[in-house]
Structures are given as structure tokens and as C-alpha cells.
Amino acid sequence: MGFDQVRQRRLSDDIVEQLEGMILEGTLQSGERLPAERALAEKFGVSRPSLREAIQKLTAKGLLVSRQGGGNYVVENLGSTFSDPLLHLLESNADAQRDLLEFRQTLEASCAYYAAQRATDLDRERLRTAFDLLQNCYSRVGEVSRAEEGEADASFHLAIAEASHNAVLLHTIRGLFDLLKRNVVTNIGGMYKQRTETRDMLINQHRELYMAIIEGRADDARQVSTHHLLYVQEVLEEVRQQVQRTARAERRNGV
């Protein structure tokens, strides 16, 4: 019978494991600076050489980057699903916009379902803050910019993803954050012009989604999220068809 030799685990491996866990759960975010080595070593109750060894291992894995005289940071592009050039392509292509909404429907419905099941008191507080910011945007008709409303909308959905306590869903949503924000900015103007009730519908849908999660109604949260994005798809399809009809009419008139 053969036996493999038991290898002694290094202290730095335990530190690596903890830091990786913090990155995975979203406690340490892309681009965030780690505490100073002395403070971090004290928090972990380890020596600074062991901490430095752990940081070197995480740097080699591509999770951290060290800046001369500036400390250690989680890499900027961590979880960045789409590059900037691709963002521009996606936001300017009607079919890609539709594909994004279909993807969001699947992704965000799951986030809402798990958030309703798993949200902690702290998660609910953060979700409440994000919801209040979004409602504030809706209430300032004519004052708020599309960019501000887009950021508030995307932040609300990101807070739901954080409350889902599913690392894959969270990092996917984080990677899509800029794309989601641009998607809202691109679409809301046309949606508001297409249907006068759109703003009220979005306000009510977001409120229903928020309440379903806060009250722990997982099936309702998933259903509301799905209906919300189906409504957005429906209105945007009307906008697309209206644009096509207008262009056709202008061509006939030689405009």
C-alpha cells in the first residue's frame, strides 16, 4: 500500500484563501485598495512576511496588482465581461440590445428569486438605499439626466445581485454594470416618448420588485422581474417598428 507524503500548509496559503474569498463574495471589489500591510497583518493576526508572501501569490494569479509606493489593489478589470469597444458595438446594434434584454431577463429573475430568499438585514438596507435613489430620479421629472437615471437603475439591480449571495450571478452583473447602465440610457428616452404611462409603469414595477424581495416572496420576485423586462422589450419593439415606419414614409416622400 502506497502513501502520499502529507505536505505542511503554509500560513500564506490561509491568507490567500481568505483574501480570495473576500474577492469572490464581493467584499473586495475591482480596483479597490487593500489596507496597508501593517493594518492587514494585524487584522489577520499574522506576520508581515507571511502577508507579503500571500500578496505575491495573489499577484501571480492576476488577482492583485502592486503599485510602487501606492499599495496593493484588486485588479481593475476583474470580472470585466465586455471591453469598451464591444460596449459601443452592443449599444448601437438593435439586435444586440434585444439579446441583452433577453439575457437580463434570465439573469435578473434568478437574482431577484435568491435575493428574496437570502437577503440579510444589511442587504435589505443597501437595497432600500438603492431603491430610494432610483425613486428620487423618477420624482425629478425634467431635472434628472438620462445618465443619472441609468446609473440609479443599474445600481438597484446590482444591489439585488449582491443580496442574492450567489457569487457567479454577482460577478456577472458587476461585469455587465456599464452595459446595463448604457442600455438604460439608450432606451429610456424612446420608451417615455412611445408610451405616456411608461414612467409610471417602471416606477410601479420597481416598487413591486423591491417589496417582493424585502418581504421574502421569492416566486413573486422572480415573476415581477420577468414581467418588468418583458414590458421593456415590448415597448422597445414598438419604438423600433415606429422608427422603421417613419423612415419608410420619409423615403416615399423623398425626404
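Preceding this paragraph is the structure being described.
Now for a look at the structure at hand. (Residues numbered from 1 in each chain as written. Predicted model: local features only at pLDDT ≥ 70, side-chain atom pairs only at ≥ 80, totals over all residues. Heavy atoms only, no water.)

1. Quick word on unusual backbone geometry
Okay, so step 1: If you check the backbone angles, His165 has positive phi at about 55° while not being a glycine.
Okay, so step 2: Relative to the helices and strands, His165 resides in the loop between helix H7 (146–163) and helix H8 (167–175). (Helix = DSSP H or I, 4+ residues; strand = E, 2+ residues; numbered from the N terminus.)

2. Some points on the packing of aromatic side chains
Okay, so step 1: The tally for this structure, following the rule as stated, stands at three aromatic pairs.
Okay, so step 2: Look at Tyr113 and Tyr114: their rings are 5.3 Å apart centre to centre, the planes differ by 80°, and that puts the pair in the edge-to-face class.
Okay, so step 3: The exposure class of Tyr113 is buried, given its relative accessible area of 18%.
Okay, so step 4: Note on Tyr114: relative accessible area 27%, which makes it partly exposed.
Okay, so step 5: Summarising the aromatic geometry, the rings of Phe131 and Tyr210 are spaced 4.2 Å apart at their centres and angled 0° between planes, so their arrangement reads as stacked. Here the residue Phe131 occupies a position in helix H6 (residues 121–139), and Tyr210 occupies one in helix H10 (residues 198–214), the gap between them amounting to 79 residues. Of the two residues, Phe131 and Tyr210, both sit in the buried class.
Okay, so step 6: A network of ring pairs unites the aromatic residues Phe131, Phe156 and Tyr210 as a single cluster. (Phe/Tyr/Trp six-rings, centres within 6.5 Å; stacked < 30°, edge-to-face > 60°. Buried < 20%, exposed > 50% of the residue type's maximum accessible area, 1.4 Å probe, protein only.)

3. Focus: the pairing of strand S1 (residues 64–67)
Okay, so step 1: As paired elements, S1 and strand S2 (residues 71–74) share four bridges and run antiparallel to each other. The residue bridging Val65 from the neighbouring strand is Tyr73, located in S2.
Okay, so step 2: Linking S1 back to S2 in an antiparallel pair, the connection comprises three residues, with Gly69 at a positive phi of about 70°. (Pairing = 2+ DSSP bridges.)

4. With respect to the pattern of salt bridges
Okay, so step 1: Counted by the stated rule, this structure contains 20 salt bridges.
Okay, so step 2: When the shortest N-O distance is used, the salt bridge between Glu53 and Lys57 registers 3.6 Å. Taken together, the residues Glu53 and Lys57, both in helix H3 (residues 48–60) and four residues apart, mark about one turn of the helix.
Okay, so step 3: Relative accessible area serves as the criterion here: at 21%, Glu53 is assigned to the partly exposed category.
Okay, so step 4: What makes Lys57 partly exposed here is its relative accessible area of 25%.
Okay, so step 5: In this structure, Arg104 engages Glu108 in a salt bridge whose closest nitrogen and oxygen atoms are separated by 2.6 Å. On the criterion of helical spacing, the pair formed by Arg104 and Glu108 is a turn pair, its members being four residues apart in helix H5 (residues 94–118). (Salt bridge = Lys/Arg side-chain N within 4 Å of Asp/Glu carboxyl O.)

5. Observations concerning the nonpolar core
Okay, so step 1: Phe156, Ile160, Leu209 and Ile213 are the most contacted members of the largest nonpolar core, which totals 49 residues.
Okay, so step 2: For this core, the elements supplying multiple residues, two or more each, are H5, H6, H7, H8, helix H9 (177–194), H10 and helix H11 (218–252).
Okay, so step 3: Once residues within four sequence positions are removed from consideration, Ile160 is found in contact with Cys111, Ala112, Ala115, Leu127, Leu209 and Ile213.
Okay, so step 4: One finds Ala41, Val46, Leu51 and Val74 within the second-largest nonpolar core, a separate group that totals 17 residues. (Core = buried A, V, L, I, M, F, W, Y, C linked by side-chain atoms within 4.5 Å. Contact = heavy atoms within 4.5 Å.)

6. Comments concerning the environment of Ser12
Okay, so step 1: If you trace the backbone, Ser12 turns up in helix H1 (residues 11–24).
Okay, so step 2: Considered as a pair, Ser12 and Ile55 are 43 residues apart in the sequence and their alpha carbons are 8.5 Å apart.
Okay, so step 3: Those residues in contact with Ser12 that sit more than four places away from it in its chain are Ser50, Glu53, Ala54 and Lys57.

7. Details of a positive patch on the surface
Okay, so step 1: Side chains of Arg245, Arg248, Arg251 and Arg252 sit close together on the surface and give a patch of like positive charge.
Okay, so step 2: Looking at the element boundaries, Arg252 is found in helix H11. (Patch = residues over 30% accessible without salt bridge, like charges linked within 9 Å, V, L, I, M, F, W, Y side chains within 5 Å. Areas by Shrake-Rupley, 256 points an atom, 1.4 Å probe, with all protein chains shown as cover. Lys, Arg positive; Asp, Glu negative; His and termini not counted. Charge placed at Lys NZ, Arg CZ, Asp CG, Glu CD.)

8. Quick notes on H11
Okay, so step 1: Given a rise of 1.5 Å per residue, 35 residues ought to cover 51 Å, and the 52 Å separating the end C-alpha atoms of H11 matches this to within 8%.
Okay, so step 2: Looking at the residues trailing H11, positive phi occurs at Gly254, about 70°. (Expected span 1.5 Å × (residues − 1).)

9. Remarks on the packing of H7 against H8
Okay, so step 1: Running from N to C, H7 and H8 cross one another at 160°; their axes reach a closest spacing of 8 Å. Here H8 runs roughly antiparallel to H7, going by the angle between their axes. For the pair H7 and H8, the sense of crossing is left-handed. Packed against H7, whose contacting residues are His157, Leu158, Ala161 and Glu162, the element H8 presents Leu170, Ile173 and Arg174 at the interface.
Okay, so step 2: Grouping the amino acids of the contact of H7 with H8 by side-chain chemistry returns four nonpolar, one polar and two charged. (Axes fitted to C-alpha atoms, helices over the stretch in contact; angles between N-to-C directions. Parallel < 35°, antiparallel > 145°, perpendicular 65-115°, else oblique. Left-handed = near helix turned anticlockwise from the far one by under 90°. Nonpolar A, V, L, I, M, F, W, Y, C, P; charged D, E, K, R; others polar.)

10. Examining H1
Okay, so step 1: Taking 1.5 Å per residue as the helical rise, H1 with its 14 residues ought to reach 20 Å, and the 20 Å between its terminal C-alpha atoms agrees with that figure.
Okay, so step 2: Within the span of H1, buried status applies to Ser12, Ile15, Val16, Leu19 and Ile23. Along the axis of H1, the buried positions cluster into a sector of 100°, meaning they face one direction only. For H1, the exposed residues set more than 90 degrees away from the buried face come down to Glu17 and Leu24.
Okay, so step 3: The secondary structure elements touched by the buried residues of H1 are helix H2 (37–44), H3, S1, S2 and H8. (Arc of directions from axis to C-beta.)

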